[in-house]
Amino acid sequence: MSTDARKMVELPPTLTVRALAERIQASPIDLIKQLMANGVMANINQQIDFDTAAIIIHEMGFDAEPEKQVEEAKPEAVEAAPAWRQALEKEDQKLLTPRPPVVTILGHVDHGKTSLLDAIRSTDVASAEAGGITQRIGAYQVTHNNRLITFLDTPGHAAFTAMRARGAQVTDIVILVVAADDGVMPQTREALAHARAARVPIVVALNKVDKPNANPDKVKHQLSEVGLVPDDFGGDTLVVPVSAKKRTGVDDLLEAVVLTADNTKILANPAGKLIGSIIEAQLDKAKGPIASLLIQNGTLHLGDTLVAGQAHGKIRAMFDFHGAPIEQAGPSTPVSILGLSDLPQAGDLIEVLPSEREARTLTAERKLAAKTAAQGPHKPVSLEDVFAKFQAGEVKELKLIIKADGQGSLEPIISSLNSLGTEALKVNILYAETGNITENDVMLASASDAIVVGFSVQQDTSAQHAAETEGVSVRLYDVIYRLTEDVDKALSGMLEPEKKVVTTGRAEVRAVFNISKTGKIAGCIMREGEAKRNSKIRVIRAGKVVHEGDVASLRHEKEDVREVRQGFECGVGVRDFHELAVGDVLEFFVLQEG
């Protein structure tokens with residue numbers, strides 16, 4: 001191709017394969033093939049540098065030049081805005097109009113979330129007449145003083161964060177439910193961390209104020225201590241007393257939501273580019289895939305060709321949250337649709353394409369990209385690479401989730417970590433609490449690109465699986481200064497790669513035998529994984545590690561063996577530890593360069 005026929009493209013120092021494809025209006029698959037031909041294995045979301053991008057697009061008829069940097073317009077390296085906000089930035093600002101706020105209710109498990117949802121539903125006659133249909137769509141709308149409010153019917157902060165981890169931040173406002181007779185609990189603080197990580201305004205519903213032992217003032221002081229200073233204490237958090245059981249205060253709560261929405265730019269262009277998110281999906285034997293979704297910008301019409309994640313199809317039928325058939329749906333409207341080829345996942349973003357052919361092509365590209373990504377190495381955010389990411393301009397802070405064995409440990413850890421870093425690269429503690437590391441902690445880290453740090457705590461099995469699946473870095477310590485020292489080194493780029501602990505199996509001690517020559521031997525049953533003779537071992541008692549060392553002996557039916565698998569009995573000796581007890585859990589692990 002002659003130089004005259006080439007098109008000039010401005011490129012930043014680094015960008016993803018997807019972004020490069022969009023700049024030259026080419027298929028990501030063609031770009032991936034071209035990269036492979038040049039010896040570069042990359043998936044659709046992988047970052048490539050300017051020089052690589054320039055070589056690749058040159059072979060496709062384009063020339064590259066460095067993108068002009070406008071220093072004053074340089075964005076902060078914060079969490080990427082949700083897709084609908086990015087879409088709004090491209091819309092004509094004069095065409096944007098207010099849309100109904102989308103609200104999620106979070107809080108401690110026993111503080112009355114479900115009762116409050118029921119009380120809110122009962123304020124809307126039409127919703128009450130619908131009789132349970134809302135449960136199938138996962139969202140519903142109520143009217144307060146001629147203003148629509150959309151409520152997401154999520155089971156809790158785990159689902160809330162799982163959707164955000166997939167890029168679908170659909171919530172505009174969070175109602176945090178706190179019981180007036182119980183106050184701020186660990187799950188309250190956890191829910192608060194999820195809401196703050198999502199960067200959405202919070203309204204507090206102070207529930208159960210009708211109970212004789214309710215103490216609203218005490219709870220308000222507790223809220224102040226976690227950074228939610230009530231408006232009547234001189235703060236900016238609306239705290240509304242309610243009784244879900246007696247249906248009192250609900251109108252005041254809805255009014256607080258409307259006021260918060262008015263102070264927040266919750267806008268959309270009904271005539272603009274359609275964007276939305278899948279709330280949930282299920283397979284009906286007669287009707288096929290049924291997807292519930294929420295429109296965030298534009299208007300969805302019956303007959304539109306839709307792409308949602310790796311699913312596509314033409315909308316054959318569309319229903320509102322009452323279950324009534326409709327032909328179109330605007331911003332903040334929850335709907336269910338029929339016509340998709342496959343089941344999309346909750347959190348998948350949706351878009352409308354001109355034809356089914358283009359929809360099939362896009363979903364094929366996404367499936368190939370997902371397959372390529374699954375085959376390639378997935379590198380999570382880790383302490384070792386945070387400084388390199390900072391130098392590359394990708395991060396401005398080290399986000400941490402801290403779990404410790406008690407408040408006596410947690411407070412000095414937080415104090416020490418907050419003193420580290422510089423103005424350019426700070427420590428941001430998203431959530432700090434006592435207790436073992438749970439799946440919820442991992443999901444919050446996944447959605448926020450954070451690292452989980454534990455002190456003298458264990459990691460639940462479900463949390464371990466989630467960390468592996470989501471690519472979340474989890475680091476465990478039993479000495480505070482080592483924890484803070486590692487973080488300090490990470491912030492200055494001096495941290496050496498850590499030895500990664502990989503758990504291979506767990507056994508339960510059912511009996512203890514005292515052998516004269518060798519000491520105590522634990523008679524065990526392997527509960528999961530496998531025990532290996534050359535592995536390391538932890539002795540866990542009542543959730544605490546009481547010893548960590550080496551396996552001294554491993555026997556099965558009086559025979560020395562190299563390994564014992566799940567479901568089999570075995571005898572285990574622990575080197576330099578002679579206090580084994582019935583009920584102990586033996587955790588076998590190996591150390592790998594991580």
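Within each chain, residues carry numbers counting from 1 in the order of the written sequence. In keeping with the predicted nature of the model, local features appear solely for residues at pLDDT of at least 70, side-chain atom pairs appear and are counted solely at 80 or more, and the whole-chain, interface and lining totals rest on all residues. Hydrogens and water molecules were not included; the side-chain quantities draw on all heavy atoms of the structure.

1. Things to note about the overall build of the chain
Line of reasoning, step 1. Per the convention used, a helix needs a DSSP run of H or I reaching at least four residues, while a strand needs a run of E reaching at least two, with both numbered from the N terminus. Summing up its helical and strand segments, the chain has 17 helices and 32 strands in all.
Line of reasoning, step 2. Looking at the 594 residues of the chain, the share that counts as buried comes to 48%.
Line of reasoning, step 3. For this analysis, residues touch if any pair of their heavy atoms sits within 4.5 Å. Here the contacts in the chain between residues at least 6 apart in sequence split such that 71% fall between residues at least 24 apart.
Line of reasoning, step 4. Here the accessible surface of atoms and residues is derived via Shrake-Rupley with a 1.4 Å probe, and residues count as covered only by protein chains that are part of the display. When the accessible surface of the chain is summed, it comes to about 29,300 Å², and 49% of that surface belongs to carbon and sulfur atoms. Remark: exposure states derive from per-residue accessible area (1.4 Å probe, protein chains only) relative to the maximum for the residue type, with buried under 20%, exposed over 50%, and partly exposed in between.

2. Description of the packing of helix α5 (residues 113–122) against helix α11 (residues 250–262)
Line of reasoning, step 1. It is at 10 Å that the axes of α5 and α11 come closest, and there the two elements cross at 90°. As summarised for this structure, α5 and α11 are arranged roughly perpendicular, according to the angle between their axes. Judged by residue contacts, Leu116, Ala119 and Ile120 of α5 engage Val250, Leu253 and Leu254 from α11.
Line of reasoning, step 2. Partitioning the contact of α5 with α11 into residue classes produces six nonpolar, no polar and no charged. Interaxial angles span 0 to 180 degrees and are taken between N-to-C directions of axes, which are lines fitted to C-alpha atoms, for helices over the stretch in contact. Angle categories are assigned with fixed cut-offs, so that under 35 degrees is roughly parallel, over 145 is roughly antiparallel, 65 to 115 is roughly perpendicular, and the rest are oblique. Under this grouping Gly is polar, as are all residues other than the nonpolar Ala, Val, Leu, Ile, Met, Phe, Trp, Tyr, Cys and Pro and the charged Asp, Glu, Lys and Arg.

3. Some words on the packing of aromatic side chains
Line of reasoning, step 1. Note on aromatic pairs: the rings of Phe, Tyr and Trp (six-membered ring only in Trp) are paired at centre separations within 6.5 Å, and the planes decide the class, stacked below 30 degrees, edge-to-face beyond 60, tilted for the rest. For the structure on display, the rule yields one aromatic pair.
Line of reasoning, step 2. Aromatic side chains Tyr140 and Phe151 sit 5.7 Å apart centroid to centroid with 15° between the ring planes, which places their arrangement in the stacked category. Note that Tyr140 is positioned in strand β7 (residues 139–144) and Phe151 in strand β8 (residues 147–152), a separation of 11 residues in sequence.
Line of reasoning, step 3. Residue class for Tyr140 comes out buried when judged on its relative accessible area of 0%.
Line of reasoning, step 4. Overall, the relative accessible area of 0% leaves Phe151 in the buried class.
Line of reasoning, step 5. Distance and angle both matter: a charge sits over a ring if NZ of Lys or CZ of Arg is within 6 Å of the ring centre and within 35 degrees of the ring normal. Taking NZ or CZ as reference, Arg538 lies 4.4 Å from the ring centre of Phe589, over its face.

4. A short note on the sheet that holds strand β23 (residues 451–455)
Line of reasoning, step 1. Strand pairing is defined by DSSP finding a minimum of two bridges between the two strands. In spatial order, the strands read β22-β21-β23-β24; together these four strands make up an open sheet with parallel pairing. Both outer strands of the open sheet, β22 (426–434) and β24 (474–477), are each paired with one neighbouring strand and no more. Each neighbouring strand pair of the sheet contributes to a mean axis angle of 25°, computed without reference to strand direction.
Line of reasoning, step 2. When strand β21 (residues 397–404) meets β23, the two strands line up parallel, connected through five bridges. Bridged to Ile402 within β23 is Val453.
Line of reasoning, step 3. On top of the sheet, helix α17 (residues 480–492) reaches β21, β22, β23 and β24; it is set at about 140° to β24, its chief contact.

5. With respect to α17
In an α-helix, one full turn covers 3.6 residues, which means residues spaced three or four apart are oriented alike.
Line of reasoning, step 1. A helix's residues, less one, multiplied by 1.5 Å, set its expected span. Here α17 is 13 residues long and its end C-alpha atoms lie 19 Å apart, about the 18 Å a rise of 1.5 Å per residue gives.
Line of reasoning, step 2. Along α17, the residues that are buried comprise Leu483, Thr484, Asp486, Val487, Ala490 and Leu491. For α17, the angular spread of buried residues about the axis comes to 155°, placing them on one side.
Line of reasoning, step 3. Phi for Gly493, located one or two positions after α17, is positive at around 75°. What the arc measures is the spread of directions leading from the helix axis to the C-beta atoms.

6. Some remarks on helix α14 (residues 407–418)
Line of reasoning, step 1. The end-to-end C-alpha distance of α14, which contains 12 residues, comes to 16 Å, matching closely the 16 Å that a straight helix rising 1.5 Å per residue would cover.
Line of reasoning, step 2. Within the span of α14, buried status applies to Ser409, Leu410, Ile413 and Leu417. All buried residues of α14 fall inside an arc of 95° around its axis, so they share one side. Opposite the buried face of α14, by more than 90 degrees, sit the exposed residues Gly408 and Glu411.
Line of reasoning, step 3. Those residues of α14 that are buried lie in contact with β21, β22, β23 and α17.

7. Here's the deal with the nonpolar core
Line of reasoning, step 1. Nine residue types can take part in a nonpolar core, namely buried Ala, Val, Leu, Ile, Met, Phe, Trp, Tyr and Cys, and a core is a set of them joined through side-chain atoms within 4.5 Å. Counting residues in each nonpolar core, the largest one holds 27 residues, and the members touching the most others are Ile105, Leu116, Ile120, Ile149, Phe151, Ile175 and Leu253.
Line of reasoning, step 2. For this core, the elements supplying multiple residues, two or more each, are β6 (102–107), α5, β7, β8, β9 (173–179), β10 (202–207) and α11.
Line of reasoning, step 3. Leaving out residues up to four positions away in the same chain, Ile175 has contacts with Val103, Thr104, Ile105, Leu106, Leu116, Phe151, Val203, Ala205, Leu253 and Val257.
Line of reasoning, step 4. By size, the runner-up hydrophobic cluster in this structure holds 23 residues, among which are Leu383, Ala404, Leu410 and Phe455.

8. Section: the confidence of the model for the chain
Line of reasoning, step 1. Confidence per residue, as judged by the predictor, is encoded in pLDDT with a range of 0 to 100. Confidence in the prediction for the chain averages 83 pLDDT; 86% of positions are at 70 or higher.
Line of reasoning, step 2. Across the chain, strand β15 (residues 300–301) holds the top mean pLDDT of 96, while helix α6 (residues 125–130) sits lowest at 38.
Line of reasoning, step 3. Predicted confidence for residues 69–79 stays below pLDDT 50, and this span has 14 contacts to residues more than four positions away or in other chains.
Line of reasoning, step 4. Low pLDDT, under 50, characterises residues 124–136; the predicted model gives this stretch 22 contacts beyond four residues in sequence or across chains.

9. With respect to the packing of helix α15 (residues 439–448) against helix α16 (residues 461–470)
Line of reasoning, step 1. Across the interface, α15 lies against α16 with an axial gap of 8 Å and an inter-helix angle of 20°. Here α15 is positioned roughly parallel relative to α16, judged by the angle of their axes. The element α15 and its partner α16 pack so that their crossing is right-handed. Facing α15, whose interface residues are Glu439, Val442, Met443 and Ser446, α16 presents Ser462, Ala463, Ala466, Ala467 and Glu470.
Line of reasoning, step 2. Broken down by class, the residue content of the contact of α15 with α16 amounts to five nonpolar, two polar and two charged. In this scheme the handedness of a crossing depends on how the near helix is turned from the far one: anticlockwise by less than a right angle means left-handed, clockwise means right-handed.

10. Comments concerning the environment of Pro98
Line of reasoning, step 1. Considering the arrangement of structural elements, one finds Pro98 in strand β5 (residues 97–98).
Line of reasoning, step 2. Along the primary structure Pro98 and Lys265 are separated by 167 residues, whereas in three dimensions their C-alpha atoms are 7.6 Å apart.
Line of reasoning, step 3. Setting aside its immediate chain neighbours within four residues, Pro98 contacts Ile266 and Leu267.

11. Describing the side chain of Arg475
Line of reasoning, step 1. Within the secondary structure, Arg475 is located in strand β24.
Line of reasoning, step 2. Polar contact is the term for a pair of N or O atoms within 3.5 Å; when the atoms are in protein, one must be able to donate a hydrogen and the other to accept it, and sequence-neighboring residues count only if both atoms are side-chain atoms. A polar side-chain atom of Arg475 sits 3.2 Å from a polar atom in the side chain of Asp486.

12. Some remarks on unusual backbone geometry
Line of reasoning, step 1. Positive phi, normally seen in glycine, also occurs at Ser332, with a value near 70°.
Line of reasoning, step 2. Positionally, Ser332 belongs in the loop between β18 (328–329) and β19 (334–340).
Line of reasoning, step 3. With a relative accessible area of 0%, Ser332 lands in the buried category.
Line of reasoning, step 4. Unusually for a residue other than glycine, Ser456 sits at a positive phi of about 55°.
Line of reasoning, step 5. Looking at the element boundaries, Ser456 is found in the loop between β23 and α16.

13. Here we look at the environment of Glu579
Line of reasoning, step 1. On the secondary structure map, Glu579 appears in the loop between β31 (569–574) and β32 (585–593).
Line of reasoning, step 2. Remark: the alpha-carbon pair of Glu579 and Gly519, spanning 60 residues in sequence, is separated by 9.6 Å.
Line of reasoning, step 3. Not counting residues up to four positions away in its chain, the partners in contact with Glu579 are Arg541 and Asp584.

14. Some details on the sheet that holds strand β20 (residues 349–353)
Line of reasoning, step 1. Around the barrel, which closes on itself, the six strands sit in the order β13-β14-β19-β17-β16-β20 with antiparallel pairing between neighbours. Adjacent strand axes in the sheet meet at a mean angle of 50° when their direction is disregarded.
Line of reasoning, step 2. With nine bridges joining them, strand β13 (residues 275–284) and strand β14 (residues 288–297) adopt antiparallel strand pairing. Looking across to β14, one finds that Asp284 is bridged to Gly288.

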